[in-house]
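# Inside the fold
If you want the building blocks of each chain, they are given just below.
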Amino acid sequence: MIRAARIFAALLLLAGPATAQEEVVMGLSQDEVAITTAFDGSNILIFGAIRRETPIPEVPIDVIVAIEGPSTPLTVRRKDRKFGIWVNDAALNIRSAPSFYAVATTGPLDEVLLPFQDRRYDISVPRAIRAADGETETADTAAFVEALIRIRTEEDLYQHLEGAVTVDQDTLFQTEIALPANLTEGRYRTRIFLVREGKVISYFQKSITVRKVGLERFLFNLSRQQPLIYGLMSLAIAVIAGWAASAAFRLLQRN
Amino acid sequence: MHIYLPVAEVSVNLFLLLGLGGMVGVLSGMFGVGGGFLITPLLFFVGIPPAVAVATSANQIVASSVSALFAHLKRRNVDLRMGVTLQAGGLAGAALGVYIFNMLKQLGQVDLLVQLCYVLFLGVIGALMFIESVNAIRHAKAGTRRKPRKRHGWVHTMPLRVRFRVSGLYISVIPPLLVGFFVGILSAVMGVGGGFIMVPAMIYILHMPTKVVVGTSLFQITLVAGMTTVMHAVSSQTVDTVLAVLLILGGVIGAQLGTRLGMYLRAEQLRVLLALLVLAVCFKIALDLTLTPSEPYSITEMRLP
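### Focus: the overall build of chain B
Helices and strands together make up the secondary structure of chain B, namely 10 helices and 5 strands. A total of 305 residues make up chain B; the buried ones form 50% of that total. A separation of at least 24 residues holds for 80% of the contacts in chain B among residues at least 6 apart in sequence.

### So, the sheet that holds strand S9 (residues 166-168) of chain A
Residue and element names in this part refer to chain A. The strand order S1-S3-S10-S9 describes an open sheet built from 4 strands, whose pairing is antiparallel. Because the sheet does not close on itself, it has two edges, and the strands there are strand S1 (22-28) and S9. For this sheet, the mean inter-axis angle between neighbouring strands, taken without regard to orientation, is 20°. Direction of pairing for strand S3 (residues 42-52) relative to strand S10 (residues 172-179): antiparallel, over a ladder of 8 bridges.

### A short note on the environment of Leu116 of chain B
Along the chain, the position of Leu116 of chain B falls in helix H5 (residues 110-142). Along the chain, Leu116 of chain B and Leu206 of chain B lie 90 residues apart, while their C-alpha atoms are 27 Å from each other.

### Overview of the domain arrangement of chain A
Residues and elements named next belong to chain A. Here the domain parsing of chain A yields domain 1 (13-71 + 97-212) and domain 2 (213-255). Using C-alpha coordinates to define each centre, domain 1 is positioned 43 Å away from domain 2. Contacts between the two partners involve 6 residues from domain 1, matched on the other side by 6 residues from domain 2. Those elements giving two or more residues to the side of domain 1 that touches domain 2 turn out to be strand S2 (32-35) and strand S12 (199-212). Its residues placed into classes, the side of domain 1 that touches domain 2 shows 2 nonpolar, 2 polar and 2 charged.

### Examining the packing of helix H7 (residues 195-204) of chain B against helix H8 (residues 210-235) of chain B
Residue and element names in this part refer to chain B. The N-to-C vectors of H7 and H8 enclose an angle of 140°; their axes lie 9 Å apart at closest approach. For H7 against H8, the interelement crossing comes out right-handed. Along its contact with H7, which presents Gly195, Met198, Val199, Met202 and Ile203, the element H8 presents Thr210, Val213, Thr216, Ser217, Gln220 and Ile221. Of the residues assigned to the contact of H7 with H8, the class counts are 6 nonpolar, 5 polar and no charged.

### A word on the interface of chain B and chain A
Between chain B and chain A, the residue contacts involve 45 residues of the former and 48 residues of the latter. Mapped by element, the contributors of at least two residues to the side of chain B that touches chain A are strand S1 (2-5), strand S2 (10-13), helix H3 (50-74), H5, H8, helix H9 (241-264), helix H10 (267-290) and strand S5 (297-301) of chain B. Per-class residue counts for the side of chain B that touches chain A are 28 nonpolar, 13 polar and 4 charged. Bridging between strand S5 (residues 71-82) of chain A and S5 of chain B involves 5 bridges; their strand directions are antiparallel. Following the sheet pairing, Arg77 of chain A is matched in S5 of chain B by Ser298 of chain B.

### Comments concerning the nonpolar core
Residues Ile64 of chain A together with Leu5 and Leu243 of chain B are the most contacted members of the largest nonpolar core, which totals 134 residues. With 13 residues, H3 of chain B is the largest single contributor of residues to this core. Both domain 1 (13-71 + 97-212) and domain 2 (213-255) of chain A contribute no fewer than three residues apiece to this core. Those residues within four positions of Ile64 of chain A in sequence are excluded, and the remaining contacts are Val103, Thr105, Val112, Leu113, Ile123, Phe193 and Val195 of chain A.

### Comments concerning the sheet that holds strand S8 (residues 158-162) of chain A
Residue and element names in this part refer to chain A. With mixed pairing, 6 strands are arranged side by side in an open sheet as S2-S12-S11-S4-S7-S8. Only two strands of the sheet have a single partner each, and these edge strands are S2 and S8. Taken pair by pair, the neighbouring strands of this sheet meet at an average axis angle of 15°, ignoring direction. Two elements, strand S11 (residues 186-196) and S12, share 11 bridges in a ladder whose sense is antiparallel. By the bridge assignment for S12, Gly186 is matched with Val210.

### Overview of H10 of chain B
Side chains that are three or four residues apart share a direction in an α-helix, a result of its 3.6 residues per turn. With 24 residues, H10 of chain B extends 35 Å between its outermost C-alpha atoms, agreeing within 8% with the 34 Å of an ideal straight helix rising 1.5 Å per residue. Within the span of H10 of chain B, buried status applies to Leu270, Arg271, Leu274, Ala275, Val278, Cys282 and Ile285 of chain B.

### Description of unusual backbone geometry
Residues and elements named next belong to chain A. Its identity is not glycine, yet Asp170 carries a phi of approximately 60°, on the positive side. As for its position among the elements, Asp170 is in the loop between S9 and S10. Residue Asp170 is classed as partly exposed on the basis of its C-beta count, with 14 C-beta atoms lying within 10 Å.

### Description of the environment of Ile50 of chain A
All names here are of chain A. For Ile50, the position within the fold is in strand S3. For Ile50, a count of 22 C-beta atoms within 10 Å gives the class buried. Put simply, Ile50 and Phe173 are 123 residues apart on the chain and 8.1 Å apart in space, counted from C-alpha to C-alpha. Setting aside chain neighbours within four positions, we find Ile50 in contact with Glu22, Val24, Ile61, Thr171 and Leu194.

### Remarks on the packing of helix H1 (residues 14-31) of chain B against H3 of chain B
Residue and element names in this part refer to chain B. The interhelical angle for the contact between H1 and H3, taken along N-to-C directions, is 45°, at an axis separation of 10 Å. Judged by the inter-axis angle, H1 sits oblique to H3. Like other packed secondary-structure pairs, H1 and H3 cross with a definite hand, here right-handed. Seen from H1, the contacting residues are Gly21, Val24, Gly25, Ser28 and Gly29; seen from H3, they are Gln60, Ser64, Ser65 and Ala68. Of the residues that constitute the contact of H1 with H3, the class distribution is 2 nonpolar, 7 polar and no charged.

### Looking at the environment of Leu45 of chain A
All names here are of chain A. Take Leu45: it is sitting in strand S3. When the 12 C-beta atoms within 10 Å are taken as the criterion, Leu45 is described as exposed. C-alpha separation for the pair Leu45 and Gly163, spaced 118 residues apart in sequence, amounts to 15 Å. What Leu45 contacts, discounting residues up to four positions off in sequence, is Ser29, Gln174 and Glu176.

Definitions and limits used
- Residues numbered from 1 in each chain as written.
- Chains lettered and ligands numbered in written order.
- Predicted model: local features only at pLDDT ≥ 70, side-chain atom pairs only at ≥ 80, totals over all residues.
- Helix = DSSP H or I, 4+ residues; strand = E, 2+ residues; numbered from the N terminus.
- Buried ≥ 20, exposed ≤ 12 C-beta atoms within 10 Å, placed from the backbone.
- Contact = placed C-beta atoms within 7 Å.
- Pairing = 2+ DSSP bridges.
- Axes fitted to C-alpha atoms, helices over the stretch in contact; angles between N-to-C directions.
- Domains from an automatic or database assignment.
- Nonpolar A, V, L, I, M, F, W, Y, C, P; charged D, E, K, R; others polar.
- Left-handed = near helix turned anticlockwise from the far one by under 90°.
- Core = buried A, V, L, I, M, F, W, Y, C linked by C-beta atoms within 7 Å.
- Expected span 1.5 Å × (residues − 1).
- Parallel < 35°, antiparallel > 145°, perpendicular 65-115°, else oblique.

Here is the structure:
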């Protein structure tokens, strides 16, 4: 009986050594981002410690932090020249792409992480995009996905922050990620991976909620839930503003 | 100073938006155009999503044209009977226009159609107006009295004649209805109030006096844009009130200034300026179509069901 228990305990250790020995304890400077009228982007500080029961191993540890905004399907179109003018020609439907994606690492991603581990955990930006439904898979697919990443990277919606995570004494880590002003509402999945020799040994996940508050929230909800009232309200504001300006100018002129 | 727009979901500089609204307001008051053909491309340029830009500029046009309309009503420069007649044709035209628009959307080339429409109509109207008004100015300078405009064209041979007192016309209702219908189609397809087509049509086809044309066009634009705003708010939910209010704030002030500015200029000079403006926008869109784009790819986000 005692022997059986020992074997069981040994098996447990063999099965999950990676997760058991080193774990992430994580903190966020804020787990809710409120979009107010004056919202102009937000910096999020992600920090934490590595908890371990064993001595620090020889090989240094790498940390990867990934923040992923809500995904939507989208279409990427390419313009081609026809009859002397540029028109939308070829298009690729992308099943799902995150509206925001930032990956911060301790070093160059392809050195920190082995490709098969990336495929398993979907960490790098291209892995976060679900490109095709199979039928549209052509040689061109890569070019369209590349274009999507290029355009969103320029808008700071996709961020490749290599070397942005600092690790102190193989135990404490921290990084800062700037969320741009054009954020979509929703839950932003934040994942932290501990990586050694290119393999993920432990990971931790938490979500940041991005939501509109106050007037922003009221107007947005009204436009979705009571579109007719919202439309008439917009119209009334326009008419009143137009009339008021006209009246104000007449008063000014009289004086 | 930036402000976050709740429906557009972007953060844009406050003063940039006020300035844009003001600029377009001045033009609206001066020429009697709603300014949709200017503000919509300008909003694309500052990073507002196209669908929101089209719908919100309709809302802004209501305010700036109402503001200018009151100024014109005070001076009795609005032919209400003509406005209502044009509007009746416009409603039917807009319905057909929306149908054409949706048909082309299914074919996937609606952007191209809109751009080609812009180039064609802005180019032709701008060029015609420019030539006509430059000739008028030359005649005025040379001191030669210009031949008075023909008062009896094909417009006067049709039945159902009605007296339009403010315009001093006694013509058939069919030409105004047709003009309204045609402009209605175009405004639905191009997403504009249609003032830049309506104004020359009233001058050259209906032979209305220039003084009355601007006020009457504003009256008609107000109704069209008001309907479009509510339609967009209900069907596509892309009207951004915060964006509209900012554009309106700049726009209503601009429109008042424009109306007064317009009084210092002679009708021909006003027309030359409008012609140049129309041609400039036409040229810009034509360039976009023919020059190699710096980024040939574009992203269209689809909403989750």
